[in-house]
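Now for the letters of each chain:
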Amino acid sequence: MDFNLKKLTSDAGVFFTRAVQFTEEKLGSAEKTELDAHLENLIARADCTKNWTEKIFRQTEVLLQPNPIDHTGARIEEFFYEKLDKKIPSRTTNGELLGQYMLDAAKDFGPGTPYGSTLITVGEYQSRLGGAEREFLQTSAINFLTPLRNFLEGDWRTISKERRLLENRRLDLDICKARVKKAKQAEAKAAAEPDFQETRPRNYVLSASASALWSEEVDKAEQELRVAQTEFDRQAEVTRLLLEGISSTHVNHLRCLHEFVEAQATYYAQCHQYMQELQKELSRYPNSFASNANPSTSATSPSPVSSATLPGVSPPCLASTSTPGIAREPSGPLKIQDVQQPSTGHRKAKVLYDYDAHDTSELSLLADELITVYTVPGMDPDWLVGERGNQKGKVPVTYLELLS
């Protein structure tokens, strides 16, 4: 190991001198060279950019991966794969995992049962939602988080290094200025001493010699000051060029921000589409809670499977034929066309979403239109009879907003 004691001692001396200068400046006992206004503004802008970029970066990480434990584990995993120069594997999202659990549960409960078939449908859409989330996370990490991280870990470190070097050059410059000032004061004092020693020639000669020595010290200090000034000016120019690059950083981050918002919009649009499709699928499945809530009446309740589940099959009818307003055969299925609107109990409803009829017993709907709806004894509670002019058919309750 090459141990240079002389260099170590010199570096320690420089560090100590700078520390003294810095302390005296803070105490107000030493002069400080101020940077020009343009450079000060660039430094303030750079600090503001760094602080807010760091906050946005950290909070975006929290948004994309809310769990701190998972976040830490993911960063460690990414670090190891990066060091091993291997591709980071795609991680399963919570939505995909939930969808897989639902599909596995449906196998045990029976895919043909109402609960099992519904689990399959919901599980498939949860997997789609999880896949959309995974794609959004990957896109956001590449197009938004990575540029911000590169700035904080790359460009900003370079800027910070050059700024520290500029501060050291400024301290050296102020040290040289203080040294020149002290040397000139000592030279002036030595030059003034012979006026009081004219009767003593030997002391006069000594004073003249001291004056000459201080004159040489002033020349040496001024030479060091010129060198320090040159180094300070050069470093100030380097730092200024780096700080002016912050404008390019803002332009780059602006582009990344647009890409992040675009990825977010795509992700939420996919989620909205999947949820609408899932609602339509679920509207075809009956709600069997009503028939299962009261076991004593389950024997007389209609079958939980509605005609929406099996296209072309009408809902089963009740044995009683005494219900007014309904014309039916003793053992035949309920015919929507034969159902008469009751004199009371009908209401107006606003359609929330478009709905396409799955068979002739249903009524297609358009969003925001107004229709008349009423219930018929024996129908599934998730459905109503809807009328629009001369058209009539079953409509799902989840697609309506009852107004009166």
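Please refer to the structure placed before this passage.
Residues numbered from 1 in each chain as written. Predicted model: local features only at pLDDT ≥ 70, side-chain atom pairs only at ≥ 80, totals over all residues. Heavy atoms only, no water.

A. Expanded view of the pairing of strand E2 (residues 370–374). The buried fraction of E2 amounts to 4 of the 5 residues, a majority that puts the element mostly inside the structure. Looking at chain direction, strand E1 (residues 347–351) and E2 are connected through 4 bridges and run antiparallel. Residue pairing for E2: Ala349 is matched across the bridge by Ile371. Two elements, E2 and strand E3 (residues 383–388), share 3 bridges in a ladder whose sense is antiparallel. Its bridge partner lying in E3, Thr372 is registered against Glu387. (Buried < 20%, exposed > 50% of the residue type's maximum accessible area, 1.4 Å probe, protein only. Helix = DSSP H or I, 4+ residues; strand = E, 2+ residues; numbered from the N terminus. Pairing = 2+ DSSP bridges.)

B. Representation of a nonpolar patch on the surface within the structure. Judged by side-chain polarity, Leu254, Leu257 and Val261 come together as a nonpolar surface patch covering roughly 250 Å² of accessible area. For Leu254, the location among the structural elements is in helix H7 (residues 246–283). (Patch = residues over 30% accessible without salt bridge, like charges linked within 9 Å, V, L, I, M, F, W, Y side chains within 5 Å. Areas by Shrake-Rupley, 256 points an atom, 1.4 Å probe, with all protein chains shown as cover. Salt bridge = Lys/Arg side-chain N within 4 Å of Asp/Glu carboxyl O.)

C. Fine view of the environment of Leu42. Tracing the backbone through its elements, the reader meets Leu42 in helix H2 (residues 37–64). For the pair Leu42 and Leu243, spaced 201 residues apart in sequence, the C-alpha to C-alpha distance is 5.9 Å.

D. Structural view of the packing of H2 against H7. Direction vectors running N to C along H2 and H7 enclose 20°, while the axes themselves pass 12 Å from each other. Relative to H7, the element H2 is oriented roughly parallel. Crossing of H2 over H7 shows left-handed handedness. Contacts between H2 and H7 involve Arg45, Ala46, Thr49, Thr53, Thr60 and Leu63 from the former and Ile246, Ser247, His250, His253, Phe260 and Gln264 from the latter. In terms of residue class, the contact of H2 with H7 is made up of 4 nonpolar, 7 polar and 1 charged. (Axes fitted to C-alpha atoms, helices over the stretch in contact; angles between N-to-C directions. Parallel < 35°, antiparallel > 145°, perpendicular 65-115°, else oblique. Left-handed = near helix turned anticlockwise from the far one by under 90°. Contact = heavy atoms within 4.5 Å. Nonpolar A, V, L, I, M, F, W, Y, C, P; charged D, E, K, R; others polar.)

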